[in-house]
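Now for the letters of each chain:
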Amino acid sequence: MSADNATAIVCDTTAYLPGELIAEYGIHTVSLYVTLDGVQRAEADISAAEYDTFYERLSASPGIATTSQPSVGDFVSVYGPLLDEGREIVSLHLSSGISGTCDSARQARQQLIDEGRGGERIHIFDSRSACGGLGLSVLAAAHAARQGASGADALAAAERARSGLKIWFAIDTLEYLRKGGRIGAAQALLGSALQIKPILTLDEEIRPIERVRTRRRAFERLVDYARERQADGADAWVVQHIHDRENADRLVAHGREIFGCDPVFIGEIGPVIGAHIGPGLLGIGGTSREALGF
């Protein structure tokens, strides 16, 4: 069904949507890249079954992992065939505050315009988020497209989902963010980084919410936050984690009690974002089902 949509949906791999949702909606993906111990791989080529091994290697590595955005050519190779089918494209990506992925997408769009291949039919969306937040915007656009929305209308659906979106996440340490240079406003927490478990959010850049002393307290605060989201009507919720499925499952169980429904999806964050945060992230948040269009 999705293959016949007049509007095609493209996202990058940092949405970390489950494969069944990508297949269900016919979403096209463009991969970012991660380099660890001198070996570069496309994130799309790293299966979820390999995540544990990656994070174990990351923890043991004396160096740092680096990441890179898709090339203009990567985008052109995805956009070109879709444009050749006469389709519009909505292309949704992680925040331009932490990555140049949107810039690569815009350059690819301009190249296709210059080549007379219909690049003006491409709509680029800066999610100002990543992971679960990006994933929800992608699903909003994909749902609209499946209902027959134009590119402009699918783009508007993504923006509605994004406008009500809030996600908190707790991490074990700020060290990976510091090493990778993606720390943003959370820089202010570094002085006590060894004594705290930071709770952060991503709103264009990573920002601190609060600091707690233990993982147990961080978990409790995420549950409190879920209650706040439910009270605000944000009933389209997600849970995300890095190398911590046990606590993610615990958080999902609490979320089901609080929201009275299943999460839209549970996302295990892969190597590109994980390289900058490290193992142990746990997050929850969302938007409203009305905003999502479900």
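Above this text is the structure in question.
What you see is a predicted model; the values in this text were computed from it and never measured. (Residues numbered from 1 in each chain as written. Predicted model: local features only at pLDDT ≥ 70, side-chain atom pairs only at ≥ 80, totals over all residues. Heavy atoms only, no water.)

Draft legend 1. Structural detail: the overall build of the protein chain. Within the protein chain, the secondary structure is distributed over 11 helices and 13 strands. Over its C-alpha trace the protein chain gives a radius of gyration of 19 Å, about what one expects of a compact globule, namely 19 Å for 294 residues. In the protein chain, which comprises 294 residues, the proportion classed as buried is 55%. Once local pairs closer than 6 in sequence are excluded, the contacts in the protein chain between residues at least 24 apart make up 75%. A total accessible area of about 12100 Å² is found for the protein chain, and carbon and sulfur atoms account for 47% of it. Between the averaged position of the 29 positive side-chain charges in the protein chain and that of its 39 negative side-chain charges there is a distance of 6 Å. (Helix = DSSP H or I, 4+ residues; strand = E, 2+ residues; numbered from the N terminus. Rg over C-alpha atoms; globule rule 2.2 N^0.38 Å. Buried < 20%, exposed > 50% of the residue type's maximum accessible area, 1.4 Å probe, protein only. Contact = heavy atoms within 4.5 Å. Areas by Shrake-Rupley, 256 points an atom, 1.4 Å probe, with all protein chains shown as cover. Lys, Arg positive; Asp, Glu negative; His and termini not counted. Charge placed at Lys NZ, Arg CZ, Asp CG, Glu CD.)

Draft legend 2. Structural view of the nonpolar core. Counting 60 residues, the largest nonpolar core has Ile 9, Ile 27 and Leu 92 as its most contacted members. Sorting elements by how many residues they give to this core places helix α5 (residues 131-146) first, with 10 residues. Every residue in contact with Ile 9, bar those within four places of it in the chain, is listed here: Gly 26, Ile 27, His 28, Val 90, Leu 92, Val 138, Ala 141, Ala 142 and Ala 145. Of all hydrophobic cores here, the second largest spans 19 residues; its members include Ala 226, Val 239, Phe 259 and Ile 284. (Core = buried A, V, L, I, M, F, W, Y, C linked by side-chain atoms within 4.5 Å.)

Draft legend 3. A look at empty space enclosed by the protein. Summed over the entire model, instances satisfying the criterion amount to one cavity of 30 Å³ or more. Approximately 40 Å³ is the volume attributed to the largest cavity. In terms of lining, the largest cavity is formed by 12 residues, of which the most central are Asn 5, Thr 7, Ile 9, Tyr 25 and Gly 26. Those elements giving two or more residues to the lining of the largest cavity turn out to be β1 (7-12) and α5. Of the residues that constitute the lining of the largest cavity, the class distribution is five nonpolar, five polar and two charged. (1 Å grid on protein atoms, 1.4 Å probe; cavity = no way out; pocket = protein on both sides within 12 Å on 5 of 7 lines; lining within 4 Å. Points joined across faces, edges and corners; volume = space filled by probe spheres on them. Nonpolar A, V, L, I, M, F, W, Y, C, P; charged D, E, K, R; others polar.)

Draft legend 4. The packing of helix α8 (residues 215-231) against helix α9 (residues 245-259), seen in detail. Where α8 meets α9, the closest approach of the two axes is 10 Å, and the angle between their N-to-C directions is 30°. Between α8 and α9, the interaxial angle falls into the category roughly parallel. Of the two elements, α8 crosses α9, and the hand of that crossing is right-handed. Contacts between α8 and α9 involve Arg 215, Phe 219, Leu 222, Val 223, Ala 226, Arg 227, Arg 229 and Gln 230 from the former and Asn 247, Arg 250, Leu 251, His 254, Ile 258 and Phe 259 from the latter. Considered class by class, the residues forming the contact of α8 with α9 number seven nonpolar, three polar and four charged. (Axes fitted to C-alpha atoms, helices over the stretch in contact; angles between N-to-C directions. Parallel < 35°, antiparallel > 145°, perpendicular 65-115°, else oblique. Left-handed = near helix turned anticlockwise from the far one by under 90°.)

Draft legend 5. Quick look at the layout of surface pockets. By volume, the largest pocket amounts to about 460 Å³. As for the largest pocket, its lining consists of 34 residues, of which Ile 98, Ser 129, Ala 130, Leu 202 and Ile 206 are closest to the centre. For the lining of the largest pocket, the secondary-structure elements that each account for two or more residues are β5 (66-68), α5, β8 (166-170), β9 (197-203), β10 (205-212) and α10 (271-277). Grouping the constituent residues of the lining of the largest pocket by class yields 19 nonpolar, 10 polar and five charged. Here the second largest pocket defines a volume of roughly 310 Å³. Forming the walls of the second largest pocket are 20 residues, and the residues nearest its centre are Tyr 16, Leu 17, Pro 18, Tyr 51 and Glu 268. Every element with two or more residues in the lining of the second largest pocket is listed here: β1, α1 (19-25) and β12 (265-268). Residue contributions to the lining of the second largest pocket peak at three residues, all from β12. For the lining of the second largest pocket, a count of residues per class yields 11 nonpolar, five polar and four charged.

Draft legend 6. A look at the sheet that holds strand β7 (residues 122-126). The sheet built from four strands is open, its strands ordered β2-β1-β6-β7 with parallel pairing. Looking at which strands have only one partner, the edges of the open sheet turn out to be β2 (28-30) and β7. The sheet shows a mean angle of 25° between the axes of neighbouring strands, direction not considered. Relative to strand β6 (residues 88-93), β1 runs parallel, the two being bridged by five bridges. Looking across to β6, one finds that Cys 11 is bridged to Leu 92. Sitting on the sheet, α5 touches β1, β6 and β7, and the angle it makes with β1 is about 170°. (Pairing = 2+ DSSP bridges.)

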